[in-house]
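Structural characterization, general
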Amino acid sequence: MFEVRLPVTVTLKNDLITGLTKSDFVILEDGVPQEVTYFSDEKTNPPVYVGVLMDTSPSTAGKLGFSKEAAESFLYTVVQLRKDKAAFMTFDNEIVLRQDFTDNQSLLDRAIDKVKSTGSQTALYDAVWQFTDEKLRGVPGRRVIVIITDGDDTFSRAELKDAIDIAQRTETTIFGISTKAGFLGTVPGVEAGTMKDKSDKLLTQLCEDTGGKAFFTGSMLDLEKSFTKISEELKTQYIITYKPANQNYDGRTRKIEVRFTDTEKAKKYKIRTKTSYRQIRDSLK
């Protein structure tokens, strides 16, 4: 019997909504109501295992210091209660796990501080694949990746669809922070902090297809705010697990929909979670 675990975020405009219960939600898979087997909220949620993946390709050189400082602050909020654990990886033409999962802030700070130079390419999708496959399978909690990047993937063997697929199959939520607008100026004719081109759209798809969100920063303050929003969201998620009525490992893409049982809540609030997955038999979980 396999089950599907959904981290669910509920918002009213930009505010995170807490205090909802299992009876507030209904899960549909391919339009069919499903049996909910587990529900938790901010008081009872399982721990978070979060990997911060930092782009260290050449174009990041001028903003590496800012990104490192913001990443350290974010990881402090993640591990401060010693319940959740974090890991740190960098990617360019090489993918380097610099600190495995820990709740020790000093180890994380040391790993981030050691990042001094940049590589020659950007292997973003390979980094997502490798970290998910090697580090997130089987961890006893919520699985999260936060990517800090400023550009296109130029070096991966994996494609966008591969990164999305493995994240969905391992129930990993991906958040992305684009620093393309830079901290030393912006792209001419483009407002800082806005989505600009194809690579930004691909980052958005990677995040949204796994139930996460992409942020587009134009300043150090924007970068810090993005990390704060991710941290707050992780604290206020609902975790809903259901047992699919269709238990066949058929490899087909299945559509997921999370709805409110109350029509007034449905009009008022917005739900965000992943909206599909493929059920195949593997050892990733």
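My aim in this report is to walk through the structure given alongside it, one point at a time. All figures in this text were calculated on a predicted structure; none of them were measured in a lab.

**Some remarks on the environment of Val32**
Turning to its location among the elements, Val32 is positioned in strand 4 (residues 32-33). Separated by 225 residues in sequence, Val32 and Glu257 have C-alpha atoms that sit 9.5 Å apart.

**Quick notes on helix 2 (residues 105-113)**
In an α-helix, one turn spans 3.6 residues; hence positions three or four apart end up facing the same way. For helix 2, the complete set of buried residues consists of Gln105, Leu108, Ala111 and Ile112. Axial view of helix 2: buried residues confined to an arc of 130°, hence all on one face. Turning to helix 2, the residues buried within the fold contact helix 1 (64-79), strand 7 (85-91) and strand 8 (95-102). Where helix 2 begins, the capping side chain belongs to Asn104, and its oxygen is found 2.9 Å from the backbone nitrogen of Ser106.

**Focus: helix 6 (residues 220-236)**
Counted at 1.5 Å a residue, the expected span for helix 6 with its 17 residues is 24 Å, and the 25 Å between its end C-alpha atoms agrees. Listed as buried for helix 6 are Met220, Leu223, Ser226, Phe227, Ile230, Ser231, Glu233, Leu234 and Thr236.

**A closer look at the side chain of Glu171**
Within the fold, Glu171 resides in the loop between helix 4 (160-169) and strand 10 (172-178). Residue Glu171 is classed as buried on the basis of its relative accessible area, which comes to 10%. Here the side chain of Glu171 touches Arg5 through a polar contact of 2.7 Å, landing on its backbone nitrogen.

**Quick word on the packing of helix 4 against helix 5 (residues 198-208)**
One can describe the packing of helix 4 onto helix 5 by two numbers: an axis separation of 9 Å at closest approach and a directional angle of 20°. Classified by the angle their axes make, helix 4 and helix 5 are roughly parallel. Of the two elements, helix 4 crosses helix 5, and the hand of that crossing is right-handed. Where helix 4 abuts helix 5, its residues Leu160, Ala163 and Ile164 lie against Leu202, Gln205 and Leu206. Classifying every residue of the contact of helix 4 with helix 5 gives five nonpolar, one polar and no charged.

**Structural notes on the pairing of strand 8**
Pairing analysis gives five bridges linking strand 7 to strand 8, with the strands arranged antiparallel. Within the sheet, the bridge partner assigned to Phe88 lies in strand 8 and is Gln99. Following strand 7, the chain reverses through three residues before pairing antiparallel with strand 8.

**What about the sheet that holds strand 9 (residues 142-149)?**
Within the open sheet, the six strands sit side by side as 8-7-6-9-10-11. Their pairing is mixed. Whereas interior strands pair on both sides, the edge strands pair on one side only; in this sheet they are strand 8 and strand 11 (214-216). Geometrically, the sheet is characterised by an average inter-axis angle of 15° between neighbouring strands, direction not taken into account. By the bridge criterion, seven bridges tie strand 9 to strand 10 in an arrangement that is parallel. From the neighbouring strand, Arg143 faces strand 10, where its bridge partner is Thr172. Contacts from helix 2 reach strand 7 and strand 8 within the one sheet, and its direction differs from that of strand 8 by about 170°. Sheet contacts for helix 5: strand 9, strand 10 and strand 11; angle to strand 10, the most-contacted strand, approximately 155°.

**Remarks on the packing of aromatic side chains**
Between two aromatic rings, the relevant description is the distance of the centres plus the angle of the planes. Tallied over the full model, the rule gives nine aromatic pairs. Put simply, the rings of Phe25, Phe39, Tyr238, Phe260 and Tyr269 pair up and form one aromatic cluster.

**Some points on the sheet that holds strand 3 (residues 25-29)**
Taken together, the four strands give an open sheet; going across it, the order is 4-3-13-15, and neighbouring strands pair in antiparallel fashion. Of all the strands in the sheet, just strand 4 and strand 15 (276-278) have a single pairing partner and so form its edges.

What counts as what
- Residues numbered from 1 in each chain as written.
- Predicted model: local features only at pLDDT ≥ 70, side-chain atom pairs only at ≥ 80, totals over all residues.
- Heavy atoms only, no water.
- Helix = DSSP H or I, 4+ residues; strand = E, 2+ residues; numbered from the N terminus.
- Buried < 20%, exposed > 50% of the residue type's maximum accessible area, 1.4 Å probe, protein only.
- Arc of directions from axis to C-beta.
- Contact = heavy atoms within 4.5 Å.
- Polar contact = N/O pair within 3.5 Å; in protein donor to acceptor, adjacent residues only side chain to side chain.
- Expected span 1.5 Å × (residues − 1).
- Axes fitted to C-alpha atoms, helices over the stretch in contact; angles between N-to-C directions.
- Parallel < 35°, antiparallel > 145°, perpendicular 65-115°, else oblique.
- Left-handed = near helix turned anticlockwise from the far one by under 90°.
- Nonpolar A, V, L, I, M, F, W, Y, C, P; charged D, E, K, R; others polar.
- Pairing = 2+ DSSP bridges.
- Phe/Tyr/Trp six-rings, centres within 6.5 Å; stacked < 30°, edge-to-face > 60°.

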